[in-house]
Amino acid sequence: MDALGRLFDVSTGWSPVDAQTAQTGKRVSLKNARGCTIVVIKAAGTAGDDHSYDLQQHTASSGGTTADLDIVSAYYLKQETTLDGDETWTKVTQTAASEITDAGAAGTSAELEQILVIEVDGAQLSDGYDYISLNSGGEGSNAQLSTCIYLLRDLNVQRTPANLVAPLS
């Protein structure tokens, strides 16, 4: 059996987009997975247009109640002027919060290409909350592409990819 469907499923938070416009991340359910690895990939941009992110939890696939998910005490980051595969991961720590501001670069994150990873364990959600999303703040006035992918992991039921439950279910 392939890893897709056995170890993980994939969904989108937001498709590649110009990040100068704030992005409301799509929701994904943790009912069928024990956790989610959130991956954000960002192109280099203009100084001062530093990215910010906000992790949310929800009680429904749409509507319902939304609240900050204040669990981000660490995230992982690869960054360089040009990502070319020779980077190593850096663990960035912060006081637990739902927000990440200026990811790991002390005022220069906009100028770097980045891969940012946030780990969410389903047990970290508040009672009654089964869905998560990651939002991106509007990042200045200059074009800067980014995308967000959710990797649902530790699936409760393993299936062939064609038979996986939809990530919003």
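Keep in mind that what you see is a predicted model, and the values were worked out from it rather than measured.

Visitor: Which parts of the structure should I look at to understand the nonpolar core?
Guide: Among soluble globular proteins, nonpolar side chains are generally buried collectively. Counting residues in each nonpolar core, the largest one holds 29 residues, and the members touching the most others are Ile-38, Leu-116, Ile-118, Val-120, Ile-132 and Leu-134. Other than its neighbours up to four places away in sequence, Ile-38 contacts Leu-55, Leu-116, Val-117, Ile-118, Val-120, Ile-132, Leu-134, Cys-148, Ile-149 and Tyr-150.

Visitor: Just checking my understanding: could you explain the pairing of strand S3 (residues 33–42) for this structure?
Guide: Residues in a regular strand point their side chains to alternate faces of the sheet. Burial analysis of S3 places 8 of its 10 residues in the buried class, the great majority of the element. One ladder, built from 8 bridges, connects S3 with strand S9 (residues 113–121); its direction is antiparallel. Paired with Ile-38 across the bridge in S9 is Ile-118.

Visitor: How should I be thinking about the pattern of salt bridges in this particular structure?
Guide: Pairing between side chains becomes possible if they bear opposite charge and their charged atoms approach one another. One pass over the structure, following the stated rule, counts 2 salt bridges. Across the pair Arg-153 and Glu-119 runs a salt bridge whose closest N-O atoms are separated by 3.2 Å. With Arg-153 in strand S11 (residues 145–155) and Glu-119 in strand S9, this residue pair connects regions lying 34 residues apart in the sequence. For Arg-153, the salt bridge identified is with Asp-154, shortest N-O distance 3.0 Å. Through salt bridges with shared partners, a single network forms among Glu-119, Arg-153 and Asp-154.

Visitor: What am I meant to see in the sheet that holds strand S6 (residues 72–80) here?
Guide: Either a parallel or an antiparallel arrangement is found when strands of a sheet pair, and the pairing is made through backbone hydrogen bonds. Spatial ordering of the open sheet is given by S1-S11-S3-S9-S6-S7, a layout of 6 strands whose pairing is antiparallel. Because the sheet does not close on itself, it has two edges, and the strands there are strand S1 (8–18) and strand S7 (90–97). Here the strands of the sheet are splayed against their neighbours by 20° on average, with no regard to which way each runs.

Visitor: Whenever I open this one, unusual backbone geometry confuses me. Can you help?
Guide: It is generally the case that most residues other than glycine have a negative phi and that most peptide bonds are trans. Phi at Asp-154 is positive, roughly 55°, even though this residue is not glycine. Inspection of the secondary structure assignment puts Asp-154 in strand S11. Residue Asp-154 is classed as partly exposed on the basis of its relative accessible area of 38%.

Parameters and conventions
Residues numbered from 1 in each chain as written. Predicted model: local features only at pLDDT ≥ 70, side-chain atom pairs only at ≥ 80, totals over all residues. Heavy atoms only, no water. Core = buried A, V, L, I, M, F, W, Y, C linked by side-chain atoms within 4.5 Å. Buried < 20%, exposed > 50% of the residue type's maximum accessible area, 1.4 Å probe, protein only. Contact = heavy atoms within 4.5 Å. Helix = DSSP H or I, 4+ residues; strand = E, 2+ residues; numbered from the N terminus. Pairing = 2+ DSSP bridges. Salt bridge = Lys/Arg side-chain N within 4 Å of Asp/Glu carboxyl O. Axes fitted to C-alpha atoms, helices over the stretch in contact; angles between N-to-C directions.

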